[in-house]
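Coordinates in review
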Amino acid sequence: MDTKLKQCLGIDVSKGNLSISLGQLNSNLEKEFIGHPDIGNDPGGFKVLSGWLRKVLVEGVEFIIVMEATGVYHQAICNYLYGQGYKVCVMQSGRVKRYAQSLDQRLKTDALDSRMLSMLGLERNPRPWNPPSKELQELKALGRERSSLLKDRNVEINRQGAIGSSSYSSSKASKRHLTRLRLINTQILAIEEEMRELVSKTKVLKGRIAYLESIPGVSFISAATVVGETLGFESISSGKQLTSYAGYDVVLRESGNFKGKTKISKKGNSHIRAVLHMPSMTCVRCNPTLKQFYKRLKPQKAKPLVALVAVQRKLLILMFTLWKNETYYDAEFEKKKQQEPKALAAQDSTMV
């Protein structure tokens, strides 16, 4: 009988159901898979899964669970399995999609997706998932609520303009719209105050968000929203991964004589891109580093907006760097970096 080297449970998560497949890597490096009927994405289904795992897992063999991030639907099962002591890995959708494409898998079903995830876990060593703190989850929820209200406010402002431009206008209807606008503005201010209170109560979070606020052009709300959406950059290991997560990764299509347009994919977190738009416009006016970057890039682009998007991408990576290094923004960093090779060359020349 072949010895088991590794076991991996792939879970394809949907709103109501979980499709599961257990992959096993044998000593001869062959893979075999054990299927199971779909279970509910609820506490009852979690208990069924836990009981099944106790029957099929081999003691002493490495075991991991792999699933794809699916909005909020994967959070409950993640926390449950983590609480049971299992090693859980949550993969970003872009990485999972690229792996699936490498398999040349033509069909797409929940069962095949769960099997593909278990195969990914057997072949790779994905990064373990750790549950984010309660404060970060609450910060993310507040940021999402604020974003929704901002959209509602724009709708009401447009409606108010339409009423004012109409040949028939009702003063009562106009008053109702103004009342709704005042209510939305009041709620937005209340949410922003809640975000400040939440951060001020957490000493570590307050200090690290201060690093991001030190960037000229970045406000507290912008910094807090980015931190909340990334849950403190917990699952981000590099700037390249972060830009892909936010949808700032560049897509280029060329084939033979065909030269397609270069653009960002936008296949990522739209909340991050939305909140960085206004800070990027401020940065190109007052930020020493990004202002020079924008001026150098703008003449090379057909539209100024393209250069502005590049500023947003660079700003996001800068925020990530300051967060990870736990340091404040240094306007002279680029100059110091350029002077280092000259200083080293001068030292070499004196030693000769």
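All values derive from a computational prediction rather than experimental measurement. Within each chain, residue numbers correspond to sequence positions counted from 1 in written order. Only residues with pLDDT of 70 or above have their local features reported here, since the model is predicted, and side-chain atom pairs are shown and tallied only from 80 upward, although totals for entire chains, interfaces and linings are computed over all residues. With hydrogens and water stripped out, all remaining heavy atoms of the structure feed into the side-chain values.

Quick look at the overall build of the chain
Only DSSP runs of H or I reaching four residues or more are called helices, and only runs of E reaching two or more are called strands; each is numbered from the N terminus. On a plain count of helices and strands, the chain comes out with 14 helices and 9 strands. Along the three orthogonal principal directions, the C-alpha set of the chain runs to about 85 × 75 × 55 Å. Out of the 352 residues in the chain, the part that is buried amounts to 39%. The criterion used for residue contact is that any of the two residues' heavy atoms lie within 4.5 Å. Long-range contacts, defined as pairs at least 24 residues apart, comprise 63% of the intrachain contacts of the chain with a sequence gap of at least 6. The buried label goes to any residue with under 20% of its type's maximum accessible area, the exposed label to any with over 50%, and the partly exposed label to all in between, with areas taken from a 1.4 Å probe on protein chains only.

Quick notes on the sheet that holds strand S5 (residues 87–91)
Pairing between strands is defined by DSSP: at least two bridges between them are needed. On the basis of which strands lie adjacent, the open sheet formed by 5 strands has the order S3-S2-S1-S4-S5 and mixed pairing. Either end of the sheet is taken by a strand with one partner, and the two such strands are strand S3 (31–40) and S5. When the angles between neighbouring strand axes are averaged without regard to direction, this sheet yields 20 degrees. Here strand S1 (residues 4–13) runs beside strand S2 (residues 17–26); their pairing, made up of 9 bridges, is antiparallel. From the neighbouring strand, lysine 6 faces S2, where its bridge partner is leucine 25. Structural elements are reduced to axes, namely lines fitted to C-alpha atoms, with helices fitted over the stretch in contact, and the angle between N-to-C directions of any two is expressed from 0 to 180 degrees. Strands S1, S2, S3, strand S4 (62–68) and S5 of the sheet are contacted by helix H4 (residues 110–123), whose axis makes an angle of about 140 degrees with S1.

Points about unusual backbone geometry
You will see that leucine 29, though not glycine, has its phi angle at about 65 degrees, which is positive. As for its position among the elements, leucine 29 is in the loop between S2 and S3. The backbone phi angle of lysine 266 is positive, close to 60 degrees, even though this residue is not glycine. Tracing the backbone through its elements, the reader meets lysine 266 in the loop between strand S9 (263–264) and helix H10 (270–275).

Side note on the packing of aromatic side chains
Each Phe, Tyr or Trp ring (for Trp, its six-membered ring) is paired with any other whose centre lies within 6.5 Å, and the angle between the two planes then decides the class: stacked below 30 degrees, edge-to-face above 60, tilted in between. This model, assessed by the stated rule, comprises 6 aromatic pairs. Between the aromatic rings of phenylalanine 233 and tryptophan 323, the centroid separation amounts to 5.8 Å while the plane-to-plane angle is 55 degrees, which identifies the pairing as tilted. Of this pair, phenylalanine 233 sits in the loop between helix H8 (220–230) and helix H9 (239–246) while tryptophan 323 sits in helix H13 (residues 304–325), and the two are 90 residues apart along the sequence. Here phenylalanine 233 and tryptophan 323 have matching classes, each one buried.

Overview of the side chain of histidine 74
Among the structural elements, histidine 74 can be located in the loop between S4 and helix H2 (75–83). Excluding anything up to four places from it in sequence, histidine 74 contacts Val13, Met67, Glu68, Ala69 and Val90.

Brief notes about the nonpolar core
Where a protein is soluble and globular, its nonpolar side chains tend to be buried together. Definition used in this section: a nonpolar core is a set of buried Ala, Val, Leu, Ile, Met, Phe, Trp, Tyr and Cys residues joined via side-chain atoms within 4.5 Å. In this structure, Leu139, Ile209, Val227, Leu276 and Met319 are the most contacted members of the largest nonpolar core, which totals 49 residues. Per element, the largest residue contribution to this core is 10 residues, and it comes from H13.

Topic: the side chain of arginine 146
Looking at the secondary structure, you find arginine 146 in helix H5 (residues 134–165). Residue arginine 146 is classed as buried on the basis of its relative accessible area of 15%. In this structure, arginine 146 is in contact with Ile188, Ile191, Glu192, Met195 and Ile221, ignoring residues within four places of it in sequence.

Quick word on the environment of lysine 314
Tracing the chain through its elements places lysine 314 in helix H13. Discounting residues that sit within four places of it in the chain, lysine 314 has contacts with Leu290 and Phe293.

Concerning the packing of H9 against H13
Taken N-terminus to C-terminus, the directions of H9 and H13 make an angle of 125 degrees; their axes are 10 Å apart at the nearest point. Taken as axis vectors, H9 and H13 run oblique relative to one another. The element H9 and its partner H13 pack so that their crossing is right-handed. Facing H9, whose interface residues are Gly239, Leu242, Thr243 and Ala246, H13 presents Arg313, Leu316, Ile317 and Phe320. Of the residues contributing to the contact of H9 with H13, the split by class is 5 nonpolar, 2 polar and 1 charged. These descriptions rest on fixed angle ranges, namely under 35 degrees for roughly parallel, over 145 for roughly antiparallel, 65 to 115 for roughly perpendicular, and the rest for oblique. In this scheme the crossing of two helices becomes right-handed for a clockwise turn of the near helix relative to the far one and left-handed for an anticlockwise turn of less than a right angle. Amino acids are sorted into nonpolar (Ala, Val, Leu, Ile, Met, Phe, Trp, Tyr, Cys and Pro), charged (Asp, Glu, Lys and Arg) and polar (every other residue, Gly among them).

Things to note about a negative patch on the surface
Patch membership requires over 30% relative accessible area and the absence of a salt bridge. Like charges are linked within 9 Å, and nonpolar side chains (Val, Leu, Ile, Met, Phe, Trp, Tyr) within 5 Å. Each accessible area is a Shrake-Rupley estimate made with a 1.4 Å probe; only the visible protein chains count as cover when residues are assessed. Between Lys or Arg on one side and Asp or Glu on the other, a salt bridge is scored when a side-chain nitrogen of the former is within 4 Å of a carboxyl oxygen of the latter. In this count, Lys and Arg are taken as positive residues and Asp and Glu as negative ones, while His and the chain termini are left out. For charged residues, the charge sits on one atom: NZ in Lys, CZ in Arg, CG in Asp, CD in Glu. Taken together, the side chains of Glu138, Glu145, Glu193, Glu194 and Glu197 make up a negatively charged region of the molecular surface. Elements supplying a minimum of two residues to the negative patch: H5 and helix H6 (171–201). Looking at the negative patch, the element that brings in the most residues is H6, giving 3 residues. When you line up the elements, glutamate 194 lands in helix H6.

Digging into H8
In an α-helix there are 3.6 residues to a turn, and that puts residues three or four apart on one side. The buried fraction of H8 is high, at 11 of 11 residues. Turning to H8, its buried residues number three or more, namely Phe220, Ile221, Ser222, Ala223, Ala224, Thr225, Val226, Val227, Gly228, Glu229 and Thr230. Two residues or fewer past H8, leucine 231 is found with a positive phi of approximately 50 degrees.

Read these as spatial facts, not as claims about activity.
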